[in-house]
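Structural features, examined
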Amino acid sequence: MAQALLGRTQQVPILDEKVADVDTRIIRMGEPYKDEALIREAGEIIRAGGLVAFPTETVYGLGGDALNPASSRKIYEAKGRPSDNPLIVHIADMEALAAIVKDVPETAKKLAAAFWPGPLTMILEKSDLVPRETTGGLDTVAVRMPSDAVALAFIRAAGGYVAAPSANRSGRPSPTCASYVAQDLDGRVEMILDGGDATLGLESTIVDLTVEPPAILRPGFITVEMLRQKLGRVEEDGTLFRADSGQAPKAPGMKYRHYAPEGELVIVRGPAEAVTAYIGGKLAEGRKNRKKTGVIATDETVGMYQADVPRSVGKRADAAATAKGLYRILREFDDEGVEWIYSESFDGGGVSQAVMNRLLKAAGHKVIEINEGGTEI
Ligand code: TXA
Ligand code: MG
């Protein structure tokens, strides 16, 4: 453990500061008559090849014109993201889908009818309209129709096709509010549309419809059970939840270490009482070593921990609350300069799979399994 802590290298890339020379305007949404003019202005920025960060129901996106190769290059540069990591194209209607894919398979029609607009991204064969700069060189394209009203109006104003990754610097947790976007991208985007807190707080489910059977590349609020109800067989990428699967993940972005707090994050998995006792011991060790400690716990357990920064993601049974709280907590640990972070494990089905997937990535897959007696297995 101590070895692992010492061996930790900083993963957040140093960005080219020359890029940070834009005067970023943060625009608060919420007054309908004003919003319309502002959204039109945001759309014009995109049409002119500029960048605008915007709210969606999942997390904030860093938007550019998906059909303009120069805009996609700008997105990679602003975010400090490797350009082989493809972007999601955000659309506002089904006509736009037909234009950017080779054909719209029955599977896509069924899923769109059931889950769009909403937190689901589909991978399909791209049409010639979509430049390879947007798809990271791939012949497939990721498409999503978000449900957030500001997002939909903005996409329409922008011409109908907005390429957007999450609006964080590469390696940081995805931003769930405009001030987190500003923390990461001030000076790198022309405008940030502030739509308040993202209602879900975790990125969309990604399903690959170019393979048979369809495969989930990233779990989210649209769960594997929901997709199976519509499509029958749906595969889960075995790399999504296990630290030891030994396979490379199928979504290019999933191979990068994401969502990482600056402190060392370790997940502890085992019987509930043994977990609280084990984490308690580690916190005491942290105090002895003068480390600033943080804990990710639930309403039921957070009071039991003597950490410098104890945080609850909500009631254990409420997976949606856990999803909404996770990224904010990870950022708070950074703001507080927390060095050692211990997290309880979230192993229910449904949405908690998505939470665990992100937590595992944030932890660089460091999981300590313990038994009833509190011994590491
Ligand atoms: O909820 C969301 O999906 C948010 C909001 C802004 O819409 N966006 C988001 O984008 O999370 P990003 O770029 O952070 O994550 C997109 C993921 C990456 O892991 C990327 O590798 C994968 O989607 N992806 C994109 N295009 C792909 C493709 N053609 N094939 C496989 N994976 C793809
Ligand atoms: Mg992202």
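Let us look at the structure shown here. (Residues numbered from 1 in each chain as written. Chains lettered and ligands numbered in written order. Predicted model: local features only at pLDDT ≥ 70, side-chain atom pairs only at ≥ 80, totals over all residues. Heavy atoms only, no water.)

1. Things to note about the overall build of the protein
Rules: Under the scheme used here, helices are H or I runs from DSSP no shorter than 4 residues and strands are E runs no shorter than 2 residues, and both carry numbers assigned from the N terminus. Three exposure classes are used, based on accessible area relative to the maximum for each residue type with a 1.4 Å probe and protein chains only: buried under 20%, partly exposed in between, and exposed over 50%. For the area figures, the Shrake-Rupley method with a 1.4 Å probe applies, and any residue is considered shielded solely by the protein chains shown.
Across its full length, the protein carries 11 helices and 16 strands. Out of the 377 residues in the protein, the part that is buried amounts to 56%. Split by element, the accessible area of the protein, about 15600 Å² in all, is 50% carbon and sulfur.

2. Observations regarding the packing of aromatic side chains
Our working definition: Between the rings of Phe, Tyr and Trp (Trp by its six-membered ring), a pair exists once the centres lie within 6.5 Å; its type follows the angle of the planes, with under 30 degrees stacked, over 60 edge-to-face, and the other angles tilted.
Under the counting rule described, the total for this entry stands at one aromatic pair. Residues F54 and F154 carry aromatic rings whose centres are separated by 4.9 Å and whose planes lie at 40° to one another, so their mutual orientation is tilted. Of this pair, F54 sits in strand β2 (residues 52-54) while F154 sits in helix α6 (residues 149-157); the two residues are 100 residues apart in sequence, bridging distant segments of the chain. Judged by relative accessible area, which is 0%, F154 ranks as buried.

3. A word on the pairing of strand β13 (residues 293-297)
The test is simple: Strands are treated as partners if at least two bridges between them are detected by DSSP.
Taken across its five residues, β13 has five buried, putting it largely inside the fold. Covered by surrounding structure in β13 are T293, V295 and A297 together with G294 and I296, the residues of both alternating faces. As defined by bridge partners, β13 adjoins strand β15 (residues 340-344) across four bridges and the pair is classed as parallel. What sits directly across from I296, in β15, is S343. Here β13 pairs with strand β14 (residues 309-312) via four bridges, running parallel. Counted as the bridge partner of A297 is S312 from β14.

4. Considerations on helix α3 (residues 69-79)
Rules: Throughout, the arc means the angular range of directions from the helix axis out to the C-beta atoms. Contacts were defined at the residue level, with two residues in contact if any of their heavy atoms lie within 4.5 Å. Any pair of nitrogen or oxygen atoms within 3.5 Å is treated as a polar contact; in protein, a donor-acceptor pairing is required on top of that, and neighbouring residues in sequence qualify only through side-chain atoms on both sides.
Three or more residues of α3 are buried, namely S71, S72, I75, Y76, A78 and K79. The arc enclosing the buried residues of α3, seen along the axis, measures out at 165°, which places them on a common side. Those residues of α3 that are buried are in contact with β3 (61-65), β7 (162-164) and α7 (178-185). Residue N68 occupies the N-cap position of α3, its side-chain oxygen lying 2.9 Å from the main-chain nitrogen of A70. Backbone geometry just after α3 places G80 at a positive phi near 70°.

5. Some words on the side chain of T24
As for its placement among the helices and strands, T24 is situated in the loop between α1 (2-6) and β1 (25-28). A relative accessible area of 13% places T24 in the buried class. Within the local environment of T24, its side chain forms a polar contact with the backbone nitrogen of G187, the two atoms lying 2.7 Å apart. Setting aside its immediate chain neighbours within four residues, T24 contacts L185, D186, G187, R188, V189, E190 and I192.

6. Topic: the sheet that holds β13
Put simply, the test is: To get an axis, fit a line to the C-alpha atoms, keeping to the stretch in contact for a helix; angles then go from 0 to 180 degrees between the N-to-C directions.
Pairing in this open sheet of five strands is parallel, and the strands run β14-β13-β15-β12-β16 from one edge to the other. In this open sheet, the two strands that pair with only one neighbour each are β14 and β16 (367-369). Ignoring strand direction, the axes of neighbouring strands in this sheet form an average angle of 20°. Each of β12 (264-269), β13, β15 and β16 is contacted by helix α9 (residues 272-288), which is oriented at about 175° to β15, the strand it contacts most. Packing of helix α11 (residues 351-362) onto the sheet brings it into contact with β12, β13, β15 and β16, and relative to β12 it is tilted by some 135°.

7. Some details on the pattern of salt bridges
One side chain can pair with another of opposite charge once the charged atoms of both are near each other. The condition that has to hold: Whenever Lys or Arg places a side-chain nitrogen within 4 Å of a carboxyl oxygen from Asp or Glu, that contact is recorded as a salt bridge.
Overall, the coordinates contain 20 salt bridges when judged by the stated rule. The salt bridge partner of D139 is R132, with a shortest N-O separation of 2.3 Å. Take D139: its relative accessible area is 45%, and that puts it in the partly exposed class. A residue is classified by how much of its surface remains accessible, and R132, at 43% relative accessible area, is partly exposed. For the salt bridge of K292 with E336, the shortest nitrogen-to-oxygen distance reads 3.8 Å. Linking K292 in the loop between α9 and β13 with E336 in helix α10 (residues 319-336), this pair joins segments that are 44 residues apart in sequence. With a relative accessible area of 29%, K292 lands in the partly exposed category.

8. Here we look at the nonpolar core
Cut-off, in case you're wondering: Nine residue types can take part in a nonpolar core, namely buried Ala, Val, Leu, Ile, Met, Phe, Trp, Tyr and Cys, and a core is a set of them joined through side-chain atoms within 4.5 Å.
The biggest cluster of nonpolar side chains holds 66 residues, and the ones touching the most others in it are I91, M122 and L193. Examining the composition of this core, we find that six residues originate from one element, α6, more than from any other. Those residues in contact with L193, other than ones at most four positions away along the chain, are I27, M29, A42, V52, A53, F54, P55, Y60, V150 and F154.

9. Regarding the packing of helix α5 (residues 106-115) against helix α8 (residues 224-231)
As a reminder, the rule being used: In what follows, roughly perpendicular refers to angles from 65 to 115 degrees, roughly parallel to angles under 35, roughly antiparallel to angles over 145, and oblique to any angle outside these ranges. By convention the crossing between two helices is left-handed if the near helix lies anticlockwise of the far one by an angle smaller than a right angle, and right-handed if it lies clockwise. Just so you know the grouping, Ala, Val, Leu, Ile, Met, Phe, Trp, Tyr, Cys and Pro go in nonpolar, Asp, Glu, Lys and Arg go in charged, and all remaining residues, Gly too, go in polar.
Axis separation between α5 and α8 bottoms out at 10 Å; the angle between their running directions is 125°. With respect to α8, the axis of α5 lies oblique. Crossing angle aside, the handedness with which α5 passes α8 is right-handed. In this structure, α5 uses T107, K110, L111, A114 and F115 to contact α8, whose residues at the interface are M226, L227, K230 and L231. Among the residues making up the contact of α5 with α8, the classes are represented as six nonpolar, one polar and two charged.

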